[in-house]
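# Structural characterization, general
Chain by chain, the residues:
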Amino acid sequence: MESPSVSAASPSEPPEPGSPDHPTAVGPLGLPGAPAPYVTALPDSGDRPLVVLVDAPSGLERRLIERWLAGVAPTNGRRVETVPAEGEQLAARLTRGDNALLVPVRLVWEPAGSAPEKSLPRLLDAVTRRSRWRDRARAARANQGRTDRTRHRIVVGRPATMRELLVRHRRERMGTATEDFVRFVVQQAKLALDRAERGVLGNRSKVPREVSDQIVGGAHFAREVRRLAAETGRPEEDVAAEFEKDLQSLVAAMDPTAVDLFSGVLRPMHDRAWEVHADTSGLEPLRELNAEHALVFLPSHRSYTDPFVLAEVLRANDFPRNHVLGGNNLRIWGLEALARRSGIIFIRRSFGKDVVYKSVVREYFSWLVAKRFNLEWYMEGGRSRTGKLRPPKYGLLADVAHAVETRRASDVYLVPVSIMHDQLQEVHQMAAEQTGTAKTPEGLRWLAGYARAQRRPVGSLHVSFGEPLSLRQALSSAGDPALERSPDSLDGESGDSPARRLALQKTAFEVFVRINRVTPVTPIALAALALLGVRDRALTLSQVRRVVEPVLDYVEARKLPHTGVESLRTNGGVAEALLSLRQEKVVSAYTEGTEPVFSVEPGHHIVAAFYRNSAIHHFVNRAIVELSVLEVDDADDGRAALAAGFTHALALRDLLKYEFFFPDKETFRAEMAAELSLIDPDWTEAGRPVSRTKEILLASKFLCAHRVLRSFVDAQWLFAERLAAWDVNRPVVEAELFDDCSAVGQQLLLQGRLHGPEALSRELFASALRLAGNRGLVEVPDTAASTARATTVEAERAELAARRRAFADEVRDVVGRVVRIDETDARNRQESTGVRP
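Since the structure is predicted, the reported quantities are computational estimates derived from the model, not experimental observations.

### Considering the overall build of the chain
Looking only at helices and strands, the chain features 33 helices and 16 strands. Among the 837 residues that make up the chain, the fraction classed as buried is 56%. In the chain, the share of contacts with a sequence separation of at least 24, taken over all contacts with a separation of at least 6, comes to 79%.

Written as structure tokens, this is what we have:
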């Protein structure tokens, strides 16, 4: 059966996708704009019939709406038709063939102010799809006989004409059946009312409706099924069935009742352990952006509780709840249904070659961001085991980028979020995993144990929001070729060209750079920095304070974000930080002598490094400048010295690129110059010798390269030496190589040739392996490849062995410079130094 037609003239050409007037950027039923305020009159329909679509599940609500309609007659005096917002009456009205103006109307019950804030709704309601209707029915029963306007409001969704809806239906759904058009109108009316309702109840009430039906009924679904069928050689019916099944496994609901219950159940996992401090100054710009675009929150990840903490912060500031992505490993029996009703999207950790599943994820993300629903995931792919950001994974970012590249969304804004803990209960387990201990699988027993561990307070937790990043602008600046192609050519795939992968990588790195910028320096981090900077020695409170005071001067000079680190200028503040670490068995104290002395607890250096590393990124540039200045020839001056120094800095940047996140080269050059100005403000004077800058540096009270970089370059040197010793005739086996590094590293540690146990980290070995792979030092040339190049296998493998040896020597040279800084710093403070490898 064909969809109804209208007798009026055809509408003008629809607006281009991505423009402000395109349906993806406007209210569901009508015009663009923010959530509608409380409306007291119906719109003027002109010469068209005015049809009110009444969304009322109870008799009381219908009567109250009818009473309201009787008092708000349209200004042109035309008669108002009323029909239910769904059902046979609506279907009959939509087939008349006129161009009526459709106006959806709903009654909203205002929450009772006397209700207990933390009362938990019924679990049965939370895990079923009927809880929203039950809430409204309960409200109606509770207010039976109370019709005062203070308890309810009538909201009016943005109107649309029949012609406008038909055009959009044909463009978005590619269907012509009347039944499908009726379903489309019902969906659009409810979406328009949801938006109007948020003007009364706030943004927390923003929830998706009938997601699967809208995606499967859309034009993009039909085109994608045809493309996948052609690509896989399978019947379209089979592909469509698999697509719908995968979609059902992904789609999450956003039921306010379930959200409240889920938050109430899991709140104790963070509410008792930390006092949450949120810097909300960055939220107001996000609110303005969210009025036009979807936001993708990309937080740092150190704890399982991070999503719950961020949800509470956003909830307290009236942001709609994010759709949060979690791995399938977190599908915990008994909580999965509730989690999915609370906006948790469980996704496979690896898609493999499942092209249908990849397409489903891409389509679901495109639908969400086109409708301006916010997303959240943890781009590191798991909790940090070292305390600093892990290398990002780009797959999900590529799926969101596809929506922008294909104009499904005009833009999406990426929101960097720093979640920083003073201390973590779970860090000891993560440290054990770095030395080879198996990770405990998630489940109910694990969850119960994890929750018990969070009962004891361990300090503060800090949430900060970085500068949002336009995804379209970031991809364009990074040279994404998919932005230049027509949307039709990208409808199925955005391509996986090297240029696009590089653009995504640069975008992800920029997000992490912005996370680092707003991550605060904490007293705990600086206390760990001081203790890890000495080897097998204990420090008094005054010694720790003398180490930290120049760091505090640097933090102040650079105006770095921090959380009360000024307290470390006193022995009392230093003692408080060290005692906090002592309570968590990270630091030990000896108190039987003339004064207390503190050192890292034996076997807990990796835990101490975790806390140090949370703030270490703020000092990496300074450390690079220190090592680069040492390498510049004293005979150089002016431009030659600057060029030589920057060359050395770039070499260190390349060596550390899998450990830290650096901005583009020009920004990096400017940052190096700014760091040098903090050391020697007059270094730019014409004719000023480099030797003078070196003198100032080496006499500085603040030298940090050894405290910041030693464990990383030690791990790289150890890895590079064991890689050089690996038989070039054998393929590299990661697990075996890491075991070899750990065993030999323990020997070197006992011999005093490594600075500390924190270098014996499989996470650091993994970063070194990625660096070696990037330099072509891992893959062993095979016979077929060498024959094709007309060279011998022996020559190629000998050349590989030589390059591996050169890599080890390069890192050893850097370690030597770090040791020189260590010795100089100790001499300046008249203390003993560390060891040379």
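Now that the structure has been shown, we can carry on.
### Quick notes on the pattern of salt bridges
Taken as a whole and assessed by the stated rule, the structure comprises 44 salt bridges. Glutamate 81 is the partner of arginine 93 in a salt bridge, and the nearest nitrogen-oxygen pair spans 2.9 Å. Taken together, the residues span a long stretch of sequence, with arginine 93 in helix α2 (residues 88-94) and glutamate 81 in strand β2 (residues 80-84) at a distance of 12 residues. According to the relative accessible area criterion, glutamate 81 is buried, its value standing at 13%.

### What to know about the nonpolar core
Counting 127 residues, the largest nonpolar core has Phe297, Phe465, Leu526, Tyr611, Phe619, Ile624 and Phe719 as the members making the most contacts within it. With 11 residues, the top contributor of residues to this core is helix α29 (residues 705-725). Not counting residues within four places of it along the chain, the set of residues in contact with phenylalanine 297 comprises Leu286, Leu310, Leu314, Asn322, Asn374, Leu375, Glu376, Trp377, Val415, Val417 and Phe465. Formed by 59 residues, the second largest nonpolar core is a distinct cluster that contains Ala240, Ala252, Phe373 and Leu389.

### Concerning the packing of helix α30 (residues 734-750) against helix α31 (residues 762-774)
The interhelical angle for the contact between α30 and α31, taken along N-to-C directions, is 120 degrees, at an axis separation of 10 Å. Relative to α31, the element α30 lies oblique. For α30 against α31, the interelement crossing comes out right-handed. Residues Glu734, Ala735, Phe738, Asp739, Cys741 and Ser742 of α30 form the contact with α31, whose participating residues are Arg762, Phe765, Ala766 and Leu769. Here the contact of α30 with α31 is composed, by residue class, of six nonpolar, one polar and three charged.

### Quick word on helix α16 (residues 395-405)
Counting buried residues along α16, 10 of its 11 residues qualify, which places the element largely inside the surrounding structure. Within the sequence span of α16, burial applies to Leu396, Leu397, Ala398, Asp399, Val400, Ala401, His402, Ala403, Val404 and Glu405.

### Topic: the sheet that holds strand β16 (residues 597-600)
Picture the strands of a sheet paired through backbone hydrogen bonds; they go either parallel or antiparallel. Taken in spatial order, the three strands of this open sheet run β14-β16-β15, and their pairing is antiparallel. Of all the strands in the sheet, the pair left with one neighbour each is β14 (539-540) and β15 (587-590). Sheet topology note: the β15/β16 ladder contains four bridges and is antiparallel. Opposite tyrosine 590, over in β16, you have valine 597 as the bridge partner.

### Notes on the environment of phenylalanine 465
The residue phenylalanine 465 is located in strand β12 (residues 459-465) in this model. The exposure class of phenylalanine 465 is buried, given its relative accessible area of 8%. Residues phenylalanine 465 and valine 518, spaced 53 residues apart in sequence, show a C-alpha to C-alpha distance of 7.0 Å. With residues near it in sequence (within four places) discarded, phenylalanine 465 still touches Asp279, Leu283, Leu286, Phe297, Leu310, Val313, Leu314, Val415, Pro416, Val417 and Val518.

Reading guide: rules and limits
Residues numbered from 1 in each chain as written. Predicted model: local features only at pLDDT ≥ 70, side-chain atom pairs only at ≥ 80, totals over all residues. Heavy atoms only, no water. Helix = DSSP H or I, 4+ residues; strand = E, 2+ residues; numbered from the N terminus. Buried < 20%, exposed > 50% of the residue type's maximum accessible area, 1.4 Å probe, protein only. Contact = heavy atoms within 4.5 Å. Salt bridge = Lys/Arg side-chain N within 4 Å of Asp/Glu carboxyl O. Core = buried A, V, L, I, M, F, W, Y, C linked by side-chain atoms within 4.5 Å. Axes fitted to C-alpha atoms, helices over the stretch in contact; angles between N-to-C directions. Parallel < 35°, antiparallel > 145°, perpendicular 65-115°, else oblique. Left-handed = near helix turned anticlockwise from the far one by under 90°. Nonpolar A, V, L, I, M, F, W, Y, C, P; charged D, E, K, R; others polar. Pairing = 2+ DSSP bridges.

Keep in mind these values describe shape, not function.
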